[in-house]
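A closer look at the structure
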Amino acid sequence: MDWSPDREALRGRVAVVAGATRGAGRGIAAALGEAGATVICTGRTSSTKRIPSDYHRAETIEETADLVTRLGGTGIAVPVDHLDPAQVRALAERVRRDHGHIDVLVNDLWGGGLLKGGPPQWNTPLWELDLDDGLRMLRHAIDSHLITSHHLLPLLIEKPGGLLVEVTDGTADHNASRYRISVFYDLAKTAVNRLAFSQGHELSPHAASAVALTPGWLRSEMMLENYGVCEENWRDALAPGRAGGRPTAPPDFALSESPRYVGRAVAALACDTDRARWNGASVSSGRLARVYGFTDLDGSRPDIWRFNEETGEGGSAASPDDFR
């Protein structure tokens, strides 16, 4: 499909992407950068400051900031543990001193990927789960968002038109009728949708908006690593009988999306002068792609949520190709 980002669309706009180290956060920061924005990239994994992380991975916020700059924006890395109110307060003070306000705040804070376990641990009753791990998951998924919004939303309402994006897994409609992995995970992802609704109510009198946004099946660094592929050859994961004992992805992995796709959804919202129409809403990257016309890196528009709704979670003979 013939689409390319407008490199000047967000020039002069200031965004904070909380949780920009990897995955959706990195994709969002990159997409804001390719639209020309100044993007403050925060997270715990840094090459300049050691902050303990639940993940032991190599990606850093400095790498994300460099990517933002290479794509045409201005990337700024700031190491922050968003569960520490003092660190988030210091971030807000720095942003106010250096920029005066922010136009876009993205709460992409999660860090619970290891705590939720893999498929063998899913659907385990609450009383059989590790309580400390479950409560820490909620801290990562909910408390971090509240702490960040508490300190940074005053900067968002300095000017009319501010946008808060709460990143979650599953739309409010989808999650309302489906159990998601475990009680803790289900509560975490449902709560983030509600956070966008309630914060939208509070932001509206200040001419600002909040939106809950979910990617589809995200080809994060960890997901690609799990299947032994990279972004350039991700479709190889669909091949049966893969060499070296590598797992074969299920058929609907054909509808997976790069992190840049959900990033372009955020950029599209930020560029929309009528973005207030989405205030309090819960939407997916695939739905916004249909509305705004942006594409993923390969020029497609995957929409696994629509696929699941229309086929009964992939239970029909529909082809995934019809949904990208």
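For the structure given in this document, a descriptive report is provided here.

**Section: the side chain of Arg275**
Mapping Arg275 onto the fold places it in the loop between helix 8 (259-271) and strand 7 (282-284). Here Arg275 is buried and forms no salt bridge, its nearest opposite-charge partner Asp272 lying at an N-O distance of 6.5 Å. Reaching out from Arg275, the side chain makes a polar contact with the backbone oxygen of Leu269 at a distance of 3.2 Å. Among residues more than four places away in sequence, those in contact with Arg275 are Arg13, Gly161, Leu163, Ser209, Leu269 and Ala270.

**Digging into the pairing of strand 5 (residues 163-167)**
Judged by how many residues are buried, strand 5 sits mostly within the fold: five of five residues are covered. Burial of the side chains of strand 5 extends over both faces: Leu163, Val165 and Val167 are buried on one face and Leu164 and Glu166 on the other. This β-α-β element, strand 4 (residues 104-107) to helix 4 (residues 131-156) to strand 5, shows right-handed connectivity. Relative to strand 6 (residues 209-214), strand 5 runs parallel, the two sharing five bridges. Bridge assignment links Leu164 to a residue of strand 6, and that residue is Ala210.

**Brief notes about the sheet that holds strand 6**
Judged by pairing direction, the sheet is parallel, and its seven strands sit side by side in the order 3-2-1-4-5-6-7 without closing on themselves. Pairing within the sheet leaves two strands with one partner each, and these edge strands are strand 3 (74-79) and strand 7. Averaged over all adjacent pairs, the angle separating strand axes in this sheet is 20°, with direction ignored. With respect to the sheet, helix 2 (residues 61-70) is in contact with strand 2 (38-43) and strand 3, its orientation differing from that of strand 3 by roughly 170°. The strands touched by helix 6 (residues 183-203) are strand 5, strand 6 and strand 7; relative to strand 6, the strand with the most contacts, the crossing angle is about 165°.

What counts, and at which threshold
Residues numbered from 1 in each chain as written. Predicted model: local features only at pLDDT ≥ 70, side-chain atom pairs only at ≥ 80, totals over all residues. Heavy atoms only, no water. Helix = DSSP H or I, 4+ residues; strand = E, 2+ residues; numbered from the N terminus. Buried < 20%, exposed > 50% of the residue type's maximum accessible area, 1.4 Å probe, protein only. Lys, Arg positive; Asp, Glu negative; His and termini not counted. Salt bridge = Lys/Arg side-chain N within 4 Å of Asp/Glu carboxyl O. Polar contact = N/O pair within 3.5 Å; in protein donor to acceptor, adjacent residues only side chain to side chain. Contact = heavy atoms within 4.5 Å. Right-handed = clockwise from strand over helix to strand, strands pointing away. Pairing = 2+ DSSP bridges. Axes fitted to C-alpha atoms, helices over the stretch in contact; angles between N-to-C directions.

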